[in-house]
Every structure is written in structure tokens, then in C-alpha cells.
Amino acid sequence: MPLNDRRIIQIIMEQCGELEERCDGYTEEIVEVVADILAREREHRVSATSIQKKVTDKCDAAGLFLAKQRAKSDPTSEPIR
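Keep in mind it's a predicted model, so treat the numbers as computed, not measured.

### Some remarks on the pattern of salt bridges
Turning to step 1, where the next piece is worked out: Per the stated rule, a full pass over the model turns up three salt bridges.
Turning to step 2, where the next piece is worked out: Lys 58 is paired through a salt bridge with Glu 32; the nearest N and O atoms lie 3.2 Å apart. One end of the pair, Lys 58, is in helix α3 (residues 52–73); the other, Glu 32, is in helix α2 (residues 26–47), and 26 residues separate them in sequence.
Turning to step 3, where the next piece is worked out: Taking relative accessible area as the criterion, Lys 58 reaches 18% and is therefore assigned buried.
Turning to step 4, where the next piece is worked out: Notably, a salt bridge pairs Asp 36 with Arg 40, separated by 3.7 Å at the nearest N-O pair. In this pair, Asp 36 and Arg 40 are both assigned in helix α2, four residues apart and thus about one turn of the helix distant.

Encoded structure:
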């Protein structure tokens, strides 16, 4: 991995570590999403795969996870559709 890529990943991980924990598992979920997006981008760079839908699906899944986690901790929140 080129040095520049390592530095970018280091910065992203540092920023993820500073995130406010909005619900149980929030930080870990964001780190997983970012790692998955970076892996998809690497695949795209190597084999020119289409990543737009994969990234969108991953972000949607993370949003659903976070909404469910918040609903567990706040029963007055709006229901998840």
C-alpha cells in the first residue's frame, strides 16, 4: 500500500475515534463502513468494477443499523420503515 494511502487511512481512523458515540456500536459501524468503502475503491482501481451501488447499499445498511440502535435506546423515536 502506498504511503499516501496509509496516511489517508490513518487520518480517517483518527477521525472515527473522535466521533460522538450516538448509540451503542456507532463508532464500530462507521469504521466498518469506511473500511468497506475503501476496499471497494481499491477493487475499483484494480479491476474497474462499478462501486456506486455497493457503496450506496453499504451506507443504507449502516443507516438502518444506526436507526435500529437508536430505537432501542429511545422508545419514543419514530418507527423504522
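Okay, back to it.
### Topic: the packing of α2 against α3
Turning to step 1, where the next piece is worked out: For the pair α2 and α3, interaxial distance at closest approach is 10 Å and the crossing angle is 175 degrees. As far as their axial angle goes, α3 and α2 are roughly antiparallel. In this structure, α2 contributes Tyr 26, Glu 29, Ile 30, Glu 32, Val 33, Asp 36, Ile 37, Arg 40 and Glu 43 to the contact, and α3 contributes Lys 54, Val 55, Lys 58, Cys 59, Ala 62, Phe 65 and Leu 66.
Turning to step 2, where the next piece is worked out: Looking at side-chain class alone, the contact of α2 with α3 contains nine nonpolar, no polar and seven charged residues.

### Regarding the layout of surface pockets
Turning to step 1, where the next piece is worked out: Considering only enclosed or pocket space, the largest pocket measures out at about 210 Å³ in volume.
Turning to step 2, where the next piece is worked out: If you go around the largest pocket, the residues you meet are Asp 5, Ile 8, Ile 9, Met 13, Val 31, Val 34, Ala 35, Leu 38, Ala 39, Glu 41, Arg 42 and Arg 45.
Turning to step 3, where the next piece is worked out: Broken down by secondary-structure element, the contributors of at least two residues to the lining of the largest pocket are α1 (3–17) and α2.
Turning to step 4, where the next piece is worked out: Looking at the lining of the largest pocket residue by residue, the classes come out as eight nonpolar, no polar and four charged.

What counts, and where the lines are drawn
- Residues numbered from 1 in each chain as written.
- Predicted model: local features only at pLDDT ≥ 70, side-chain atom pairs only at ≥ 80, totals over all residues.
- Heavy atoms only, no water.
- Salt bridge = Lys/Arg side-chain N within 4 Å of Asp/Glu carboxyl O.
- Helix = DSSP H or I, 4+ residues; strand = E, 2+ residues; numbered from the N terminus.
- Buried < 20%, exposed > 50% of the residue type's maximum accessible area, 1.4 Å probe, protein only.
- Axes fitted to C-alpha atoms, helices over the stretch in contact; angles between N-to-C directions.
- Parallel < 35°, antiparallel > 145°, perpendicular 65-115°, else oblique.
- Contact = heavy atoms within 4.5 Å.
- Nonpolar A, V, L, I, M, F, W, Y, C, P; charged D, E, K, R; others polar.
- 1 Å grid on protein atoms, 1.4 Å probe; cavity = no way out; pocket = protein on both sides within 12 Å on 5 of 7 lines; lining within 4 Å.
- Points joined across faces, edges and corners; volume = space filled by probe spheres on them.

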